[in-house]
Amino acid sequence: MDYPGKAREFFEAGGDALKGRWHGQRALVLRRLSTAERRLDYADRAIIEYTAAIYHYEQAGHERYCGYNLNNLAFLFYKLGRYSEAHERLDRAEEIFERHKDTGSLAQVNETRARVFVAERHYTEANRFIADVIQTFEKAGEFGRLTDALAIQGVARARLDLHESSLQILRHAMSMAQNSGAYSNAGLAALTLIEEHGKERLSITELFDIYNRADELLKDTQDAEEIARLRSCARVMSRRIIGVRLSDKDFVLPEAVHAFEARFIREALEAEHGI
């Protein structure tokens, strides 16, 4: 029997709802492969599949599923740096979920919007949008999504020079996710903490501990982007541990001595709970 032919015949005879789901699932797989393997051709194919899914859900009258795929497509455009196209799809998704008074799905749209704002360096807008998202996820007890939203807030506040607030938020996000079993989200929050504050605002002891936690929590990841972030954070940690070098262009001996003295004094005080 020609099973592929039979499967195609069955698919073609199916309704728009079935076709929308099929294209949406294909898009999701392709999007994940494009991120994991850094394959732009997969991303291009995912865009086509998401567009097809949206079309078929529109034909079927399934607005919510249309909105989900619009948000997924916007996230893909965000990852590709195509921010105006991301905003356009988010606007459409927002209209759908507001019409249905679906606060949970609207929060997911606004989380994606906040990511785009951060990428565009519109940190005030990102900070504003993510606040309501955090409140929604907290009420729903969605710890994985809450962790990701807190990480976005921590980045936005770090870029707004609200460093103490950012540190507090990111530390909380990492610990909360790990305690709730959202280990991958906890690992990503740890990387964000290092990326935003590891070069100067974390002690070497805390930096070393946070990196080790991230490395353990993400030990099974095969995602190329996450692996690249881990390596970048490892370089931050090693540079802090090694310290300044004579070959550095801006090396000044008195400043280097002062920096080492300040570091050791600070760590001694921390050990004695002096600060």
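All figures in this text were calculated on a predicted structure; none of them were measured in a lab.

K.L.:
Any chance you could break down the overall build of the protein chain for me, citing the residues and the numbers?
P.N.:
Looking only at helices and strands, the protein chain has 13 helices and 0 strands in total. Its helices and strands taken in sequence order, the protein chain reads α-α-α-α-α-α-α-α-α-α-α-α-α from the N to the C terminus. A buried classification covers 41% of the 275 residues belonging to the protein chain. Within the protein chain, counting contacts between residues at least 6 apart in sequence, those at least 24 apart form 57% of the total. For the protein chain, the accessible area works out to roughly 15,700 Å², and carbon and sulfur atoms hold 51% of it.

K.L.:
For the pattern of salt bridges, give the residues involved together with the corresponding values.
P.N.:
According to the stated counting rule, one finds 18 salt bridges in the structure shown. A salt bridge links Arg-92 to Glu-58; the nearest nitrogen and oxygen atoms lie 3.0 Å apart. Taken together, the residues Arg-92 in helix H5 (residues 83-99) and Glu-58 in helix H3 (residues 40-60) connect sequence positions 34 residues apart. Looking at Arg-92, the relative accessible area reads 33%, which means it is partly exposed. The closest approach of N and O atoms between Glu-94 and Arg-113, which form a salt bridge, is 2.9 Å. Remark: Arg-113 occurs in helix H6 (residues 103-119) and Glu-94 occurs in helix H5; sequence separation between them is 19 residues. We classify Arg-113 as buried; its relative accessible area is 5%.

Criteria and thresholds
- Residues numbered from 1 in each chain as written.
- Predicted model: local features only at pLDDT ≥ 70, side-chain atom pairs only at ≥ 80, totals over all residues.
- Heavy atoms only, no water.
- Helix = DSSP H or I, 4+ residues; strand = E, 2+ residues; numbered from the N terminus.
- Buried < 20%, exposed > 50% of the residue type's maximum accessible area, 1.4 Å probe, protein only.
- Contact = heavy atoms within 4.5 Å.
- Areas by Shrake-Rupley, 256 points an atom, 1.4 Å probe, with all protein chains shown as cover.
- Salt bridge = Lys/Arg side-chain N within 4 Å of Asp/Glu carboxyl O.

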